[in-house]
Each structure stands twice: as C-alpha cells, then as structure tokens.
Amino acid sequence: KLSAVSEVIESWSYVQTKWTFMETVFADPNLSEQLPQDTKRFQKVDSNYNKLMSRASTNRHVINCCNNDHQLKSLLPHLIEQLEQCERSLANYLELKRDCFPRFYFVSDHVLLELITRTTDEASNQLHHHLCTIFEGITGFRFGQDEHAEVGEDIEEFYLVTHVLTE
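All values reported here derive from a predicted model rather than from experimental measurement. (Residues numbered from 1 in each chain as written. Predicted model: local features only at pLDDT ≥ 70, side-chain atom pairs only at ≥ 80, totals over all residues. Heavy atoms only, no water.)

1. Section: the overall build of the chain
On a plain count of helices and strands, the chain comes out with seven helices and two strands. Counting helices and strands in the order they occur from the N terminus, the chain gives α-α-α-α-α-α-α-β-β. Counting across all 167 residues of the chain, residues that qualify as buried make up 32%. In the form shown here, the chain has an accessible surface area of approximately 11700 Å², with 52% of it arising from carbon and sulfur atoms. (Helix = DSSP H or I, 4+ residues; strand = E, 2+ residues; numbered from the N terminus. Buried < 20%, exposed > 50% of the residue type's maximum accessible area, 1.4 Å probe, protein only. Areas by Shrake-Rupley, 256 points an atom, 1.4 Å probe, with all protein chains shown as cover.)

2. Considerations on the packing of helix 1 (residues 2-26) against helix 3 (residues 36-58)
At their nearest, the axes of helix 1 and helix 3 sit 11 Å apart, and the two run at 135° to each other. Considering their axes alone, helix 1 and helix 3 lie oblique with respect to each other. Two packed elements cross with a definite hand, and for helix 1 against helix 3 that hand is left-handed. Taken together, the residues of helix 3 that come into contact with helix 1 (itself represented by Trp 12, Val 15, Gln 16, Trp 19, Met 22, Glu 23 and Phe 26) are Asp 38, Thr 39, Phe 42, Val 45, Asp 46, Tyr 49, Asn 50, Leu 52, Met 53 and Ala 56. Its residues assigned to classes, the contact of helix 1 with helix 3 comprises eleven nonpolar, three polar and three charged. (Axes fitted to C-alpha atoms, helices over the stretch in contact; angles between N-to-C directions. Parallel < 35°, antiparallel > 145°, perpendicular 65-115°, else oblique. Left-handed = near helix turned anticlockwise from the far one by under 90°. Contact = heavy atoms within 4.5 Å. Nonpolar A, V, L, I, M, F, W, Y, C, P; charged D, E, K, R; others polar.)

3. Overview of the side chain of Ser 89
Among the structural elements, Ser 89 can be located in helix 5 (residues 70-100). Among the polar contacts listed, one links the side chain of Ser 89 to the side chain of Asp 38, at a separation of 3.0 Å. Dropping the residues within four chain positions of it, Ser 89 is found in contact with Leu 35 and Asp 38. (Polar contact = N/O pair within 3.5 Å; in protein donor to acceptor, adjacent residues only side chain to side chain.)

4. A look at the environment of Asn 67
Positionally, Asn 67 belongs in helix 4 (residues 62-68). Between the C-alpha atom of Asn 67 and that of Ala 4, which follows or precedes it by 63 residues, the distance is 6.8 Å. Excluding its chain neighbours within four sequence positions, the residues that come into contact with Asn 67 are Lys 1, Ala 4, Val 5 and Lys 73.

5. What about the pattern of salt bridges?
According to the stated counting rule, one finds three salt bridges in the structure shown. Here Arg 98 and Asp 109 are joined by a salt bridge, their closest N and O atoms 2.8 Å apart. Highlighted residues: Arg 98 in helix 5 and Asp 109 in helix 6 (residues 109-117), separated in sequence by eleven residues. (Salt bridge = Lys/Arg side-chain N within 4 Å of Asp/Glu carboxyl O.)

6. Points about the packing of helix 1 against helix 5
Taken N-terminus to C-terminus, the directions of helix 1 and helix 5 make an angle of 40°; their axes are 9 Å apart at the nearest point. Where helix 1 crosses over helix 5, the handedness of that crossing is left-handed. In this structure, helix 1 contributes Val 8, Ser 11, Trp 12, Tyr 14, Val 15, Lys 18, Trp 19, Phe 21, Met 22, Val 25 and Phe 26 to the contact, and helix 5 contributes Leu 72, Lys 73, Leu 76, Leu 79, Ile 80, Leu 83, Glu 84, Cys 86, Glu 87 and Leu 90. Split by residue class, the contact of helix 1 with helix 5 holds 16 nonpolar, one polar and four charged.

Structure, rendered in structure tokens:
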C-alpha cells in the first residue's frame, strides 16, 4: 500500500510543480492569445486539477485517498501528459522568439517569458538586469524618447531610433 501511495504522491507532486508554473504562464493575456489551443488545454487541466484538490481535501486519510480513489490514479497520468504538451508548445513558442532575436538564447525560459510578457512601464527596473545579461558589456539602459547620442569620458550612450516590434 505504501509503495502505491508513494507513486501517487510523486505523480501528484510532479503535476503540482508543472501546474504552478503553467498557471502563471497562461495567466498572461498576451501569451494566452499567442497560444490559444494550449490555453484551452491548460484551462481543462486547471479545472481537473482544482476538482482533484477539492476531492482530496475532503479525504484527509492519505492512504485511503491514494489507494481507493481510482479516478485520482487515472487522472494524474492524463494531467501529466496534458501539462507536458503545454510545456512543449511553450518551448516551441520560445524557440521561435529566439530564432527572431538570437540574443534570447543567452537567457533562461523563465527570463525570456518575463521579457516577452512584461511591458516597460510595468518593470523597467527588472528589465535592466535581464537586458544587461543579453548584451554583454552594457551597464544599463535608459528608456525614453530622446534620439540624440551622448558620449562622455566613461559613458557612451546611443539611442535606438528604429522601434523593435514583437509578434
């Protein structure tokens, strides 16, 4: 009985980890718009996961919950499969972004998601750190409308005149 409980809890923990990450990803409206099929897939997973958690909260005896709930045993592998499909689609989406701008290969998926989903108004300070990772030898960025470059003794500033659009 305990080995079955261990297997269920391992699967459950794996689902919870994946679900937690994907929940933050698909909560972003821009990303949800870019990945509509996976957003629908995740919404189904989210609904099933929440039902699973509600049912589990009513049965506080772990051994009974893991051994006697046959729906739990059949649902967890399905949730894992669906979450991994969402994860693969997200990885493909991020790969497309990296193909468009190769410097994105220098950052993790988490950082790239943050760069894609945040606006400069929301998180310009946080973006500074990530942008400095992408562009070696740069100590900072200034966001503004001025289009004139300044050169000082220790500092060289230049402005990007051409706007960069993301898809």
